[in-house]
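Structural description and commentary
If you want the building blocks of each chain, they are given just below.
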Amino acid sequence: MYLARISLNSKRSTPMEQWATMGRAVRQAVDPDPDSDARVLWARVSPTTLVVSSDTAPAWGKIPGAYAATMQPPPRHTEGETIRWELIAAPTGQRGAEPTAEDPRPRGKRVALEEPEFEGWLQAKTAGALRVTSARWKRLGGRPARYHFTGEAVVEDSEALQELCLGGIGAGLSTGAGLLLTSTAPNV
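Below, the structure is looked at part by part. (Residues numbered from 1 in each chain as written. Predicted model: local features only at pLDDT ≥ 70, side-chain atom pairs only at ≥ 80, totals over all residues. Heavy atoms only, no water.)

Below, the discussion takes up the nonpolar core. Formed by 21 residues in total, the largest nonpolar core has its most connected members in Trp 85, Leu 87, Trp 121, Leu 130, Phe 149, Leu 161 and Leu 180. Among the secondary structure elements, those contributing two or more residues to this core are β5 (82-89), α2 (118-126), β8 (130-141), β9 (146-155) and α3 (158-167). Not counting residues up to four positions away in its chain, the partners in contact with Leu 87 are Trp 121, Leu 122, Tyr 147, His 148, Phe 149, Ile 169, Gly 178, Leu 179 and Leu 180. Ranked by size, the runner-up nonpolar core spans 14 residues in total, among them Ala 4, Leu 8, Val 30 and Ala 66. (Core = buried A, V, L, I, M, F, W, Y, C linked by side-chain atoms within 4.5 Å. Buried < 20%, exposed > 50% of the residue type's maximum accessible area, 1.4 Å probe, protein only. Helix = DSSP H or I, 4+ residues; strand = E, 2+ residues; numbered from the N terminus. Contact = heavy atoms within 4.5 Å.)

Tracing the backbone shows Gln 162 in helix α3. Accessibility expressed as a relative area gives 11% for Gln 162, which makes it buried. With residues up to four places along the chain from it excluded, the contact list for Gln 162 reads Pro 74, Pro 75 and Arg 76.

What follows deals with the sheet that holds strand β10 (residues 180-184). Strand order in the open sheet made by the 4 strands is β8-β9-β5-β10, with antiparallel pairing throughout. With partners counted over all chains shown, the strands left at the sheet margins are β8 and β10, one partner each. When strand polarity is set aside, the average angle formed by the axes of neighbouring strands in this sheet is 20°. In this structure, β5 lies alongside β9, joined through 8 bridges in antiparallel fashion. Bridge pairing in β9 links Ile 83 to Ala 153. Its contacts with the sheet place α2 against β5, β8 and β9, and it is angled at close to 125° to β8. (Pairing = 2+ DSSP bridges. Axes fitted to C-alpha atoms, helices over the stretch in contact; angles between N-to-C directions.)

Note that every value here comes from positions in space, so none of it alone points to a role or purpose.
Shown next, in the form of structure tokens:
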């Protein structure tokens, strides 16, 4: 697994709000075969920084506007450790379908969640891996709306956290949403 931080020239790269275009560029840089099942998650955390998590090292020079990159393995955390986390996501949920005995998991319509539902959504998505102790968010725009979440959490299960980081959180994984980034919180 690779975690690459790619520096972008904001004047030469794809604009922040063009997630689908950047998604295609990232996918091409990591694995040019469109039928491949290579795992790729990415997030544009600022106009000049792109973070890519992938099975193979990205050919970052193929990404429009990229001029430098650093690569490292994803961080590993131990149970009980307090960490900082960051996530760009489009929180959505299913509406309009009630479970029945015949269909315990019916498919309803996927809709964007309202801000008062975010904390519950975060708790549900990170359950078993993290106990979120603080969360803040800022609206980035888009449809469904994307939000930049940050906060702190306590690691409950190191392996479950690793799977969450590798698999992503929520909808929009191919268009720059769902990459969970973690780092050790400084001792206070």
